[in-house]
Amino acid sequence: MAGIELLSDQGFRADGRRPHELRKIRCRMGVFRQADGSAYIEQGNTKVLATVYGPHEITGGRSKALHDKVLLNCQYSMATFSTGERKTRPKGDRRSQEMSMNLRRTFQAAILTHLYPRSQIDIYVQVLQSDGGNYCACVNAATLAVIDAGIPMRDYVCACTSSLLEDTPVVDISYLEESVGSPEMVVALLPKSEQIVLFQQNSRLHVDNLEKVLDMGIKGCTDVYGILDQSVREHVTEVSNLMMST
Amino acid sequence: MIKTEKHLRVRNYRGQTVRVVREHYLREDVPCNSELCLAGCPSDGSRTLLPMATHYIVPDCQVTRDYLEILELPEITGILFLQTVLHSVLHHGNRRSYNNIRKMVKDPRQQCTIFANEYCHYAYCERQPGELLKEWQLRSVYEAAVWYYNHLAGQVSIVMITEDQEFIAKFAAKTRQVFLLTMQEYLKTFWPTLSNALDIYESLSASLSESTVEKDTTKGYKEYLPQEILSAGIKSGRYIQGCVHVNKHRPQREAFVQRAGGGMKESGTDSDIIISGMLARNRAVDGDIVAVELLPKSQWVGKIISLTETHEGIENTEAMIDSSNVMPTGRVIGILQRNWRDYVASFSADKENKGNTSKAGKVLVIPWDYRIPKIRISTRQSDSLGDHRVIVRIDSWPVDSQYPNGHFVQTLGSIGKLETEISSILVENSISIRSFSEGQIKELPSNSSDDPWTIDPEEVARRQDLRDSHLIFSIDPKGCEDVDDTLSVRQLPNGNIELGVHIADVSYFVKPNSLTDLEAKSRATTVYLADRRYDMLPPILSADLCSLIGGEDRYAMSVLWQLSPNYDVIDVWYGRTVIRSAYKMFYEAAQALHDGKDVRDDIPELEGLDEEVIQERLRELNFSISTLMSIARHLKSKRESGGAVQLEGLEIQVQLSDKKDIQDLVPKQALEIHETIAECMIFANHWVAKKITEAFPSFALLRHHPLPRQEHFENLLYCAKSKGFSVDTSTNKNLADSLDRCVDEKNPIFNKLLRTLATYAMSNALYFSTGSLSRDQFYHYGLALDRYTHFTSPIRRYADIIVHRLLMAAIKEDEENLLLGNKELQDLCDHINHKNRAAQHAQRASQELFQALYFKDRDPNTDESCVVDAVIFGLRTNGVLVFIPRYRVILNTEFTLHVVIFKSTLTKSDYSCTVTTATSSTTFHLFDHITARISVAASHAHTSMTRFDLVASVPYCSNHKEENATQRLHEKTDIVQEVTRDVKQEVAISTEINDELGSDFNELKSKYGQTKDHCSIYSLLQQFKEMGLEEES
C-alpha cells in the first residue's frame, strides 16, 4: 500500500501517536436504566455499547442450565452504520459468532461463575462505530457493564491489541494499521494477577518478535486498566453522592 | 494530546468513493530538531540542524517535488522539510524523491531535518471546508515556518521557498524574518556563486515549462494501466512483474524482462520474456521494474541470433530471428518503478541536426549507454558543449513523445580526454567519489614523524598480546600497501598445531555512525580502476594505522584454531589482539623459500643480520610456510570430500570479475602459496560465519552463492557436445568432475573455454542478512560451504567491518545495541551488493577503455600486435564469436566475446558454418583456431570499441608450410571487411609476422607471463595511461 507511512522516522504513527501510546479512551457506566448493567466506551473512533442482564433464570428451556455455575450468554453485533460501507448483516455472521464465543470464554474466566448455579447472565455488546480494535473495546465495555450490574469478578478484564510495524512494537492499532496486514495480537488480561485470559494472533509473526509484541500488549492492557479503574471510581462516587443527596 | 478528526474521501478497490474518518492527534512534544531550541525539545540524537546556519530553508511541496535536486547539493544545508511536504511528495507517486529526502535527513553532512508539523499542536492548521489541497498545503507550510521562527525565538531567519506568486504577494509582509522567495530569487540572493545550482535550476524549469505544453501527435505508445489494476493483475498472475534489460547490441529491437522473485523454484516455466520493438517496450528504460502482459503464443518470437554492428544507433535492417526457438513474448503495460539514474550523454555530431533543434531550445542527446534511448533536453548551451560529455537526467516520458524528456545537469569535459572518459565510467556506474572531508580526517588519529602514533597501553591490557609469543607474517602481492591479513602457525607443547589468522582491526578505528563510517558505508568498497583506485577508507587508515606492516605494533582481530596433528579443529578462539608482523613477504618470495631457493634478498627484514641468525630465521619461516601449505592442502581435500567441490578454475573466473578477494585474484596455474593463503582466508571466513550465525541467527551478514539456473548452461552443453563430451550440470560436484574430463589434447584451450562458459552460467555471489533468507539458501555454491562470509579484508570492503562488529558482539566484547536489525542489515547488504557490482562494471569498463587506447595508436595493417590467434566458441548466422587467448592477460577480468563479421552469405549447420562467396567457400567449426586482426572503431557518443576482423581461417601460429594456405586465402580478402591491402603486401607482412613471432612471444611472455596480481597489471596499464596522455597532447 503505497503512500501511507505507518511509522515515520521521527517515531510517529500515521495518526500522530507514538508507538506506546493508546488512543483516547472515554467511557461512561450506567447509560441505560432498563438493563441491570450497561456501559459505553470510546477508544479513538471505535465506539461500543455493552449491556448486561442478570443473573436471572434460564431462558428458553431448563435443559441448558448448569448445575454448578452460571450460564454465560454473550452476543456481539455490529451496527449497520458502524463501518464506511453499510453492513448488510449486523449480527450472526461467522465473524460475529466467533467474537461472541471469544467474549464468553473471556468472561467465564473472569466472573465468579460458581456463585450463581442454575442461572444465566447475558452480555450484549454492540459496535456503534468501528475503527480497529473492536474486540478489545467490547471486552472493556463489557467489563464496565458487568461491574455496573454488580456481578462479582475476579478482576477487571482489560484487552488491548498490539502489532509490529517496521520492527517496532506498537500498541492499540487503528483500522488503518490493521488493514495493511500487519500481525495483530489481541491480549485480554486480568491486570492484578497479570493472567492472560485471551490471546489471539492474526497473521504471522516471527517468534523472535513475539515477546516484545506481547510485552507491548500487556503494557497496553495495564494502561487501559488504569483508565477503567478511575472511571469506575468516579462513577461510584457520583452515584453515592446522588444517593446521599436524595 | 488533543484528538481531532480528519475527513477524507478515498476511492476503494471497486472504484467507489468512500468517506473515511481518521483520527488525528495533536501534541505538544513534537521535537523541533534544532540545536538552537531554547524550549528544551527532546532531541532524537544525530538528526539536528546546526546552529551555525544563517537561515533555515523551508521549501513548499511544489518546490520540493520539482527542485529536490538543487536542495540535494552538498553546499545547501539547513533545510527543514515539513511533514506536509513529505506527504505530498509521497502521495504524488514519487517514492524515489521521498527516499532521497529520507537519505538526506539521515546524512549528518546535509544538515537537514524533518519537522512533523501536522502533529504539532501549535503549527497545525486544519483544512477549511472548500479549501483546495494546494492552498491548504501552502498555508500549513507557512504556518509551520512562522511557528518555527517563533519557537526559536527569532534566532535565525526562515526562508520559505515557493513558486506561488499569489501566495507570496499575500503573505510576504505578514511576518518579519520569515521570507517568501521563489527558487530563482533564493539562489540569486543567497548563492550567487553557486553556478551549478543555477544551471540545474534553469534546465529543470525549462523542462517543466515545456512539459505543460500538450501535443496531440501520438507516437503509438499506449497509456499505462492504473496502479491498482496492475497490482491486482500481478497478484492474480495475469501480468508479470520484472526488470527490463535491454539488449546492448540491439537496443531498438530487443529487450528482456527478467521475472521478479528469483527463478530457482520453478526454473522450467520462468524464462525471460522478450519485449520486441520500441512500441511493445512502451517507454520502459533499462532497469525499470515493469508489468508485462504476455502476447498470444502465435505472436511469440525467438531471440535475434545474428550479429550486427551498432554504430551511433544505426542498425542493420535485416536481423535474423531464431524462429525455430520461440520464447515467451510480451508487451509492457505499466511501470511499477522507474529506475532512472544520471546518464552520460553527448550532443549529436551531426551539425545540421543541431542547427535545427537549437532554435527551439531542445536538443536530442545520445546517451553513452547504448541501451538508453536518446533524450530530449532543453538547453541553450548546446553550441558551447558540442564536444563535451554531459550528465543528463530523465524527467518524464509522455505518451505522445518518441523520446523521453530530460534536463542537463553538469558537464564532464570534452570527449576523448582520459579524465572525461574515466568520470563518464564513474557516473554511468553511479559511483560518486568525493575527497575525504576535513571532519572525517579530524576524527582519526594522525601519524607523522614528529608526532608518531603509538598503541595505547590501556587498550593493550584489554587485548591478547601476541607480539612476543607468535611469529606472524603476511604474504601479499608485491608492492601492496594495505595489508589486512597476516598469518601465524606454531607447534604447541601438547603436539597440537595452532593456526592463526590475524586481520586488521578496522572496527577499532571506525566507530559506528562516525563520519568515517558513514563515508565508508556509502562507498562500500574500494574501487579499482585500471589506472587508479578510490579507497574506501582515508589513507591514514588504509595504508598506515590499519595496515599490518612488518615490524610495527598493530591492533588486530584474530581467529586462532587449535588443530590436532591430523589437522582437525579441536578448539577455536576469536578475539582482539595486538600483533607485530615480523615479515611482509610477497607471494613469489614465499614460494621460492618453500622450494628451497635462496630468498634473503627478497626479505628486507633480514638485512644486516648475522649469517647464523639469518639461517635460523629462514628455517623458522620455512617451517611455518610448509606447515601452512600442508594445512591448506588438508583443508581443501576436506572441503572436497565433504561433498565440496573443486571448482577452483570456475570460482576464480567468477571472482576475478569482481576482484575483491586476494584468493580470488589467483589465476588457475597459480603458485601453491596463492592457494594456501586463499584457503586460510576461506577457512577464517567460514569459521567466522559459523560463529556469527550461531550468535545472531536473524541478523548476521553472510555471503551466499546461489545455484546457477540450468538454462544458462545450454551454451556450455552445446559446445561440449560438439567435441563429443557431455557435461553434467546437476550439482556443483558433477559439474566440476565432468569439466575435468573434457580435455582435448590437441586443443588445450578447449577445457579453459568450457570453464569460462560455465563461469558465465554462474550467478553472482551476494551478501545477505540471515533473517531474510531461509537456511538452505545460505549455501555457497562455488566454495561448497554451508555458511560463508567476508571477514578478511576490512580495509577494502565495508561488509567485513560489519562482520567484525558482529563477531565482537558475538564474543561479548562490545555492547550489542549498535548492531543493525535484520531489515536495516538487508538494506545495507543490497546497497553493498549494488556498489560492488558498480565497482566491477567500472573496473571492466576502464580496462576496456585502456585496451582501446592501446590499440588506437597502432595501425591495424602494420602493427603485428594487432594480429592475433583466436578460437571460435560460438556460431551465429552471420558470424562467429571468438576468444583471443593472447590478450586475456590484459583483459584479465573476462574473456571478452569478440565478434567477427562476414559480408557474404553464410550457412549454418549444427557445429559448423560455411561461408560462401562468389569465389570460394570456407567452413568454420567450433573451436577452430583462426587469425584475427584487432582495430579500434572510434565513436563519438560512445566508448571506442575494439573490433575484430577475420584475416585467415588458420591458426595464427602457423609455420611456413601453412603460409601457403594463408596465401591462398588471400583470394578471399573480399569477404573480409576492411581488408584493402593487395595480396603481395599481405604476403610480405605475414612472413614478417611469422619471423618475428619468436622474439615477440618471448617479449610478451616476459612482460605478461608473470603478472598474476593486480598490482603489476596496474604498472602495465600505467604505461597505457601514459600512452593515452601522450596521444592527447
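Here, the structure is the one placed above.
Below: a short report on this structure. These figures come from a predicted structure and were not determined experimentally. (Residues numbered from 1 in each chain as written. Chains lettered and ligands numbered in written order. Predicted model: local features only at pLDDT ≥ 70, side-chain atom pairs only at ≥ 80, totals over all residues. Heavy atoms only, no water.)

The next thing to look at is the sheet that holds strand β4 (residues 71-78) of chain A. Residue and element names in this part refer to chain A. Strand order in the open sheet formed by five strands is β1-β2-β3-β5-β4, and the pairing between neighbours is mixed. Here the strands that pair on one side only, and so sit at the sheet edges, are β1 (25-29) and β4. Ignoring which end each strand starts from, the neighbouring axes of this sheet average 15° apart. Note: strand β3 (residues 46-57) against strand β5 (residues 119-129), nine bridges, orientation antiparallel. Residue V52 lies in a different strand from β5, and its bridge partner there is I123. The sheet contacts of helix α4 (residues 207-245) involve β1 and β2 (37-43), and relative to β1 the element is tilted by about 35°. (Pairing = 2+ DSSP bridges. Helix = DSSP H or I, 4+ residues; strand = E, 2+ residues; numbered from the N terminus. Axes fitted to C-alpha atoms, helices over the stretch in contact; angles between N-to-C directions. Contact = heavy atoms within 4.5 Å.)

The next point concerns the pattern of salt bridges. All names here are of chain B. One pass over the full model with this rule turns up 37 salt bridges over all chains. A salt bridge links R331 to E293; the nearest nitrogen and oxygen atoms lie 3.0 Å apart. Highlighted residues: R331 in strand β14 (residues 329-337) and E293 in strand β11 (residues 289-294), separated in sequence by 38 residues. Between R554 and D544 there is a salt bridge, and its shortest N-O distance comes to 3.2 Å. Of this pair, R554 sits in strand β26 (residues 553-563) while D544 sits in helix α16 (residues 539-545), placing them ten residues apart in sequence. Both residues of the pair, R554 and D544, belong to the buried class. Salt bridges linked by common partners bring D286, R341, D369, R371 and E428 together as one network. (Salt bridge = Lys/Arg side-chain N within 4 Å of Asp/Glu carboxyl O. Buried < 20%, exposed > 50% of the residue type's maximum accessible area, 1.4 Å probe, protein only.)

This part takes up the nonpolar core. Residue and element names in this part refer to chain B. Of all hydrophobic cores here, the largest spans 89 residues; its most connected members are F473, L541, W561, I625 and L701. If near-sequence neighbours (up to four positions away) are discounted, W561 is found in contact with I497, E498, L499, V501, V569, D571, V572, F683, A684 and W687. I79, W368, L412 and I431 belong to the second-largest nonpolar core, a separate cluster that totals 87 residues. (Core = buried A, V, L, I, M, F, W, Y, C linked by side-chain atoms within 4.5 Å.)

Limitation: the analysis is restricted to geometry and does not speak to function.
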